[in-house]
Each structure stands twice: as C-alpha cells, then as structure tokens.
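Each chain, letter by letter, is given below.
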Amino acid sequence: MRRRIPITIIFVVGQFIAFFLDGSISQILSGTLYKYPNSLVPALTLLWLVLAVFFGDRKKLHLGIWAAVIGFIFDMYYTGLLGVYVFIFPLVIYLCQSVYQMLPPNFMSGFLVYFLGITVWTTLGFIANAFIGQTSSSVAQYLVNTLAPTLAINLVFMALAYFPVASLYRSHRR
C-alpha cells in the first residue's frame with residue numbers, strides 16, 4: 001500500500017526548491033538576465049506562493065506565515081537588508097488571495113493575479129531600495145528596464161508552471 005505525502009510537505013519542499021532555483025537561475029544566467037540596462041529578476045519563490053494561493057488549502061498551508069518566513073530567509077540570503085521582504089511577501093500573498101477570491105478560478109484569472117503580484121512585489125522592492133539609497137534609477141528607468149522585463153520572464157514561468165502545479169494539488173486533494 002502506497003503512502004501519500006501530505007501536501008504541506010510538498011509545499012514546503014517546493015518552496016525551498018523555488019527559493020534556491022531563484023538564486024541558481026540568477027547566478028547561472030546573470031550575464032543575460034542582468035545585462036545593462038535591463039534587469040530580468042526571476043521570482044520563483046513568489047510564484048510558488050501564489051500558485052499555492054490558487055490551488056492550495058489556505059487553512060492547511062498557512063500561506064501568510066510561510067510568506068513571512070520565506071521573506072525573512074530571502075532577506076538574509078539574497079538582499080542583506082533584513083525586513084524588506086518579510087513584509088512584502090505576506091502583503092503580496094494577501095493581495096493575491098483577496099483579488100483571486102473575487103475572480104473565477106481559471107488560468108486567465110491566475111495570470112492577471114500573478115501579474116498584479118509581481119508588479120507589487122517588484123515595485124515595493126524598488127521603493128524600499130530607493131528609500132535607503134540603494135538605487136539611483138528614475139521611475140521611468142525602473143518601469144522600462146526592470147519592471148517590464150521582470151514581468152515578461154515571470155509570466156512565462158507562470159504559464160509553464162500553472163498546469164503542472166494545478167495537477168499536483170489536484171492529485172493530493174483526493
């Protein structure tokens with residue numbers, strides 16, 4: 001008799017895989033992703049959280065807590081600024097949950113919600129960096145050289161991951 005792995009374990013393992021894939025993709029493809037003047041920032045960590053919003057059981061997964069935990073780890077590991085993503089990740093997850101509940105649950109709604117989530121995530125990160133003097137680019141440069149390319153790459157990742165992750169959650173719901 002096969003024993004089923006609980007979806008919470010799959011979620012946590014997938015979250016850490018997405019977290020490390022963020023850094024690995026950024027490191028391996030840094031010459032392409034961060035070629036001046038553009039910045040294509042992969043957000044697989046956020047993608048995994050948002051896909052859990054779409055398909056997971058909010059009560060079992062405790063997404064807000066996990067978003068804060070992964071935000072803290074993200075801050076420590078990638079940014080060096082403790083506290084920025086601890087608040088941004090849970091805020092984006094809350095926003096995505098709120099908007100997704102108002103829309104019909106389908107791919108296009110998910111695409112729109114993830115578009116909104118990436119926009120808020122990237123913009124709040126830019127504002128935090130501008131506030132502490134870590135960036136000197138203008139808002140126009142940010143919109144053209146960072147937000148647009150980041151949206152493009154992450155929406156492609158979302159389109160590729162949506163149906164396999166939906167199938168994964170569906171198979172564990174039974």
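Residues numbered from 1 in each chain as written. Predicted model: local features only at pLDDT ≥ 70, side-chain atom pairs only at ≥ 80, totals over all residues. Heavy atoms only, no water.

Within an unreviewed UniProt entry, the label attached to the protein reads Rod shape-determining protein MreD, and the organism entered is Lentilactobacillus hilgardii. Under Subcellular location (unreviewed entry), UniProt gives the following word-for-word description of the protein: "Cell membrane". Turning to the protein, the UniProt annotation filed under Sequence similarities (unreviewed entry) states: "Belongs to the MreD family." (UniProt positions renumbered as here; feature names shortened; annotations may be inferred.)

## A word on helix α7 (residues 107–131)
The terminal C-alpha atoms of α7 lie 36 Å apart, and with 25 residues this matches the ideal 36 Å at 1.5 Å per residue to within 8%. When we look at burial in α7, the residues that qualify are S109, G110, V113, Y114, G117, I118, W121, T122, G125, F126 and A128. Remark: G133 follows α7 within two positions and exhibits a positive phi of approximately 85°. (Helix = DSSP H or I, 4+ residues; strand = E, 2+ residues; numbered from the N terminus. Expected span 1.5 Å × (residues − 1). Buried < 20%, exposed > 50% of the residue type's maximum accessible area, 1.4 Å probe, protein only.)

## Considerations on the environment of S137
Within the element layout of this structure, S137 appears in the loop between α7 and α8 (139–173). Accessibility expressed as a relative area gives 29% for S137, which makes it partly exposed. The sequence separation of S137 and F126 amounts to eleven residues, and the corresponding C-alpha distance is 9.5 Å.

## Describing the packing of helix α3 (residues 44–55) against helix α5 (residues 63–79)
One way to put it is that α3 packs onto α5 with a least axis distance of 11 Å and a crossing angle of 180°. In terms of their interaxial angle, α3 and α5 are classed as roughly antiparallel. Counting all contacts with α3, which are made through T45, L49, A52 and V53, the residues of α5 involved are L63, A67, I70 and F74. Residues that form the contact of α3 with α5 fall into these classes: seven nonpolar, one polar and no charged. (Axes fitted to C-alpha atoms, helices over the stretch in contact; angles between N-to-C directions. Parallel < 35°, antiparallel > 145°, perpendicular 65-115°, else oblique. Contact = heavy atoms within 4.5 Å. Nonpolar A, V, L, I, M, F, W, Y, C, P; charged D, E, K, R; others polar.)

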